[in-house]
Amino acid sequence: DFHELQRVMDISFNYVGEELRPLFLVLQFFPEQFTLEDAAALWDVEEGAAKKMLRELGRFSLLSISKDAAGLPTFLVLDHIWVFANRRAEDPSSKWLSRAEYAKALSRLFVLVNERWPAHTRGPAEVAGLPRLYFAAKLHAERVVKVATSDAAGYSALSAVETDSKMPVAAYRSLAAADE
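Residues numbered from 1 in each chain as written. Predicted model: local features only at pLDDT ≥ 70, side-chain atom pairs only at ≥ 80, totals over all residues. Heavy atoms only, no water.

1. Some words on the overall build of the protein
- In terms of helices and strands, the protein carries 9 helices and 3 strands.
- Listed by position from the N terminus, the elements making up the protein come as α-α-β-α-α-β-β-α-α-α-α-α.
- In the protein, which comprises 180 residues, the share counted as buried stands at 37%.
- Intrachain contacts of the protein at a sequence separation of at least 6 include 63% that bridge at least 24 residues.
- Carbon together with sulfur atoms contributes 57% to the accessible area of the protein, which is approximately 10,300 Å² in total. (Helix = DSSP H or I, 4+ residues; strand = E, 2+ residues; numbered from the N terminus. Buried < 20%, exposed > 50% of the residue type's maximum accessible area, 1.4 Å probe, protein only. Contact = heavy atoms within 4.5 Å. Areas by Shrake-Rupley, 256 points an atom, 1.4 Å probe, with all protein chains shown as cover.)

Rendered as structure tokens:
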């Protein structure tokens, strides 16, 4: 049962060191595999420190670790674990991730995406081929604008300008737990 699995994960998560808990939770911003460089940028730490922390999270089976074609490590938060992290990270009363930590990580995600895919290189044809990380960041940015403006008309106008109907929809996870 999904809910039982989430309760077991709550217990297991308590064994993760306090300093790693918020770092793990913000990994939910990655909708698919990510690199050591990505994690270091999101966490605002040196790659050596990020490598140690990712290994520790892997030791707790919170990450799947594999290698890309070049033999470099890639990381993935599996669906059922991603749902756990997402729910705790998005919870305003989270005891593991403050809203300030969440906002700082989200800001670093925006910087990561904008540095990797600068605005001047993103025409309609190029945008359609961008990876899911770009669309995940775009979705979070739209949510921030919606909350910040509290102006449905202004938000709708912004969305209409930025969104091309031919762009792929950001499908985050195969696990349909959001309906539960």
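And the narrative resumes.
2. Comments concerning unusual backbone geometry
- A positive phi is found at Asp44, a non-glycine position, where the angle reads about 60 degrees.
- Topologically, Asp44 is positioned in the loop between helix H3 (36–43) and helix H4 (47–59).
- Its identity is not glycine, yet Ser61 carries a phi of approximately 60 degrees, on the positive side.
- Turning to its location among the elements, Ser61 is positioned in the loop between H4 and strand S2 (64–67).

3. With respect to the sheet that holds strand S3 (residues 73–76)
- Strand order in the open sheet formed by 3 strands is S1-S3-S2, and the pairing between neighbours is antiparallel. With one partner strand each, in any of the chains shown, strand S1 (34–35) and S2 form the two edges of the open sheet.
- Examined bridge by bridge, S2 and S3 share 4 bridges and lie antiparallel to one another. Counted as the bridge partner of Lys67 is Pro73 from S3. (Pairing = 2+ DSSP bridges.)

4. So, the environment of Phe34
- Looking at the element boundaries, Phe34 is found in strand S1.
- Considering only alpha carbons, one finds Phe34 and Val77, 43 residues apart in sequence, at a separation of 9.2 Å.
- Those residues in contact with Phe34, other than ones at most four positions away along the chain, are Leu27, Ala39, Leu54, Leu63, Thr74, Phe75, Leu76 and Val77.

5. Regarding the packing of H3 against H4
- Relative orientation of the contacting elements H3 and H4 amounts to 105 degrees, with a least axis distance of 9 Å. As summarised for this structure, H3 and H4 are arranged roughly perpendicular, according to the angle between their axes. Together, Leu36, Glu37, Ala39, Ala40 and Trp43 of H3 and Glu47, Ala50, Lys51, Met53, Leu54 and Leu57 of H4 make up the contact between the two elements.
- The residue inventory of the contact of H3 with H4, partitioned by class, reads 8 nonpolar, no polar and 3 charged. (Axes fitted to C-alpha atoms, helices over the stretch in contact; angles between N-to-C directions. Parallel < 35°, antiparallel > 145°, perpendicular 65-115°, else oblique. Nonpolar A, V, L, I, M, F, W, Y, C, P; charged D, E, K, R; others polar.)

6. Observations concerning the confidence of the model for the protein
- Of the residues in the protein, 81% have a pLDDT of 70 or more, and the chain-wide mean is 80.
- For the protein, the element scoring lowest by mean pLDDT is helix H9 (residues 152–162), at 44; H3 scores highest, at 96.
- Ignoring residues within four places in sequence, the model shows residues 153–180, a span with pLDDT below 50, making 46 contacts including any to other chains. (pLDDT = per-residue confidence, 0-100.)

7. Remarks on the packing of H3 against helix H6 (residues 99–116)
- Direction vectors running N to C along H3 and H6 enclose 135 degrees, while the axes themselves pass 8 Å from each other. With respect to H6, the axis of H3 lies oblique. Contacts between H3 and H6 pair Glu37, Asp38, Ala41, Leu42 and Trp43 from the former with Ala105, Arg108, Leu109, Leu112 and Arg116 from the latter.
- Here the contact of H3 with H6 is built from residues that sort into 6 nonpolar, no polar and 4 charged.

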